[in-house]
Amino acid sequence: MSRYEFTVNLESDSAHARVLRQVGTGRRVLELGCASGYMSRVMTEQLGCTVVGIEIDVAEARRAERFCERVIAGDCETLDYEALFEPRSFDVLLFADVLEHLKRPGELLRRVRFLLAPGGRLIVSVPNFAHASVLLHVLEGHLDYRTIGLLDETHLRFFTRESVVALLEESGYAVDRLERQRLDPRRSEIPLPQAATSSSSATLVDHVLGLPESDVYQFIVTASPGPDQAAAETAVEPELEDDLRRAGPPSKLRGTVLERLAAFESENAALAEARE
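Considering all chains together, one arrives at 2 aromatic pairs under this definition. Ring plane angle 80° and centroid distance 5.2 Å describe the contact between F85 and F90, whose orientation is recorded as edge-to-face. Classification of F85 by relative accessible area gives buried; the value is 8%. When the centroid spacing of 4.7 Å and the interplanar angle of 50° are considered together, the rings of F129 and F158 count as tilted. Of this pair, F129 sits in the loop between β5 (116-127) and α6 (132-139) while F158 sits in the loop between α6 and α7 (161-170), placing them 29 residues apart in sequence.

So this is what it looks like as C-alpha cells:
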C-alpha cells in the first residue's frame, strides 16, 4: 500500500491544490518525484495535461504509470536529461515537496532548465524551516525527525523564504510568484512547548510566534528562466516585491531581484516611447 494514495481536491485550500492550480490546463508537465501519481492523476484527468513522471521508488513509479504518459523509474539527480528529452519539451517543471530531499537541488535545477518551452514555468513547493513549531522545538534543544511533515526523516535540505528564493535565483530562474501555505503552529505535528515556566520563556515563545513567517508551513514558488535563458519579460509578484523592499538592509539576493525589476521597467518604458 502506498503512503501517497489519497485524493487532491482542486477546490480546496491545501498546498497540493494550490500547486496544481498554478500548473494550469493543457500543459506538458515533467513531474519530478511523482510518487504514486496522485497529483499526476489530477493534472491528467481534471486539467487535461500531459504528464511525464520521474520517481526513484520503483513500486511507486509503477503505480504512477496509470496516470502518466510515461514514467521514468530513477534518481532525478543522476538522470541524463539531454539523452531523455529534446530541449523545450515541457511547459511546466514540477517539484512538489521534492527539493528538500535532494543532495544538490541547485545543480538539478540548472540541468533541467533547458527543458522549459518559451513561456514555461518552474513550480516548487518546500516546507518552511522557520515555522514556529520548528524554531521552538530547536530552541528547546531538540531536533527529532519524524515520518512526515516539517522534520521528515528523509529531508536533506531545509528552506526558509529567503533561501528558497536565493536557490532559484542562483540556479538561473526569476521568481514570478510566491504563495504562503499557513498553518497555526498549535496545529503542527511538532507540539509547542508546554506552558512557559517563567516570564522570560513566555516572552521568547511570544516573540517566535510573532515572527513574520512563523505560521507559514510551506512556500509555493513559481519561476521562469532568467534573462539569460529567455527573452520574455519576468515580473516579480507584488507581494514578494513588497517583502523584499521591507526586509531591511539590501542583501545580494534582494538587490538582484530589484535591479532586474528596475531593468524591466526601463525596457518597458523605452519600448513604449519607441512605439509612440
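Mean pLDDT over the chain stands at 85; residues scoring 70 or higher make up 77%. The low-confidence segment residues 196-200 (pLDDT under 50) makes 2 contacts with residues lying over four places distant or belonging to another chain. In the predicted structure, residues 230-239 sits below a pLDDT of 50 and forms 20 contacts with residues beyond four places in sequence or in another chain.

Remark on secondary structure: sheet strands pair via backbone hydrogen bonds, oriented parallel or antiparallel. Strand order in the open sheet made by the 7 strands is β3-β2-β1-β4-β5-β7-β6, with mixed pairing throughout. Edge positions in the sheet fall to β3 (70-73) and β6 (173-182), since each of these pairs with one other strand and no more. Neighbouring strand axes in the sheet, compared pairwise and without regard to direction, differ in orientation by 15° on average. Examined bridge by bridge, β6 and strand β7 (residues 216-225) share 9 bridges and lie antiparallel to one another. Paired with Y173 across the strands is P225, a residue of β7. Sheet strands in contact with helix α5 (residues 105-112) are β1 (28-32), β4 (90-96), β5 and β6, and its direction is about 170° off that of β4.

What follows is about the environment of P227. For P227, the position within the fold is in the loop between β7 and α9 (238-246). Here P227 falls in the partly exposed class, since its relative accessible area comes to 44%. For the pair P227 and G172, spaced 55 residues apart in the sequence, the C-alpha separation amounts to 8.4 Å.

Turning our eyes to something else, we now look at a nonpolar patch on the surface. On the surface, a nonpolar cluster with roughly 340 Å² of combined accessible area is contributed by V138, L143, Y145 and F158. The class of F158 is partly exposed, set by a relative accessible area of 32%.

Turning to the environment of L151, a few remarks are in order. Within the secondary structure, L151 is located in the loop between α6 and α7. As for L151 and F129, which are separated by 22 residues in sequence, their C-alpha atoms are 8.4 Å apart. Not counting the four nearest positions on each side in its chain, L151 is found in contact with F129, V134, H137, L143, D144, Y145, R146, F158, E189 and I190.

The rules behind each value
- Residues numbered from 1 in each chain as written.
- Predicted model: local features only at pLDDT ≥ 70, side-chain atom pairs only at ≥ 80, totals over all residues.
- Heavy atoms only, no water.
- Phe/Tyr/Trp six-rings, centres within 6.5 Å; stacked < 30°, edge-to-face > 60°.
- Buried < 20%, exposed > 50% of the residue type's maximum accessible area, 1.4 Å probe, protein only.
- Helix = DSSP H or I, 4+ residues; strand = E, 2+ residues; numbered from the N terminus.
- pLDDT = per-residue confidence, 0-100.
- Contact = heavy atoms within 4.5 Å.
- Pairing = 2+ DSSP bridges.
- Axes fitted to C-alpha atoms, helices over the stretch in contact; angles between N-to-C directions.
- Patch = residues over 30% accessible without salt bridge, like charges linked within 9 Å, V, L, I, M, F, W, Y side chains within 5 Å.
- Areas by Shrake-Rupley, 256 points an atom, 1.4 Å probe, with all protein chains shown as cover.
- Salt bridge = Lys/Arg side-chain N within 4 Å of Asp/Glu carboxyl O.

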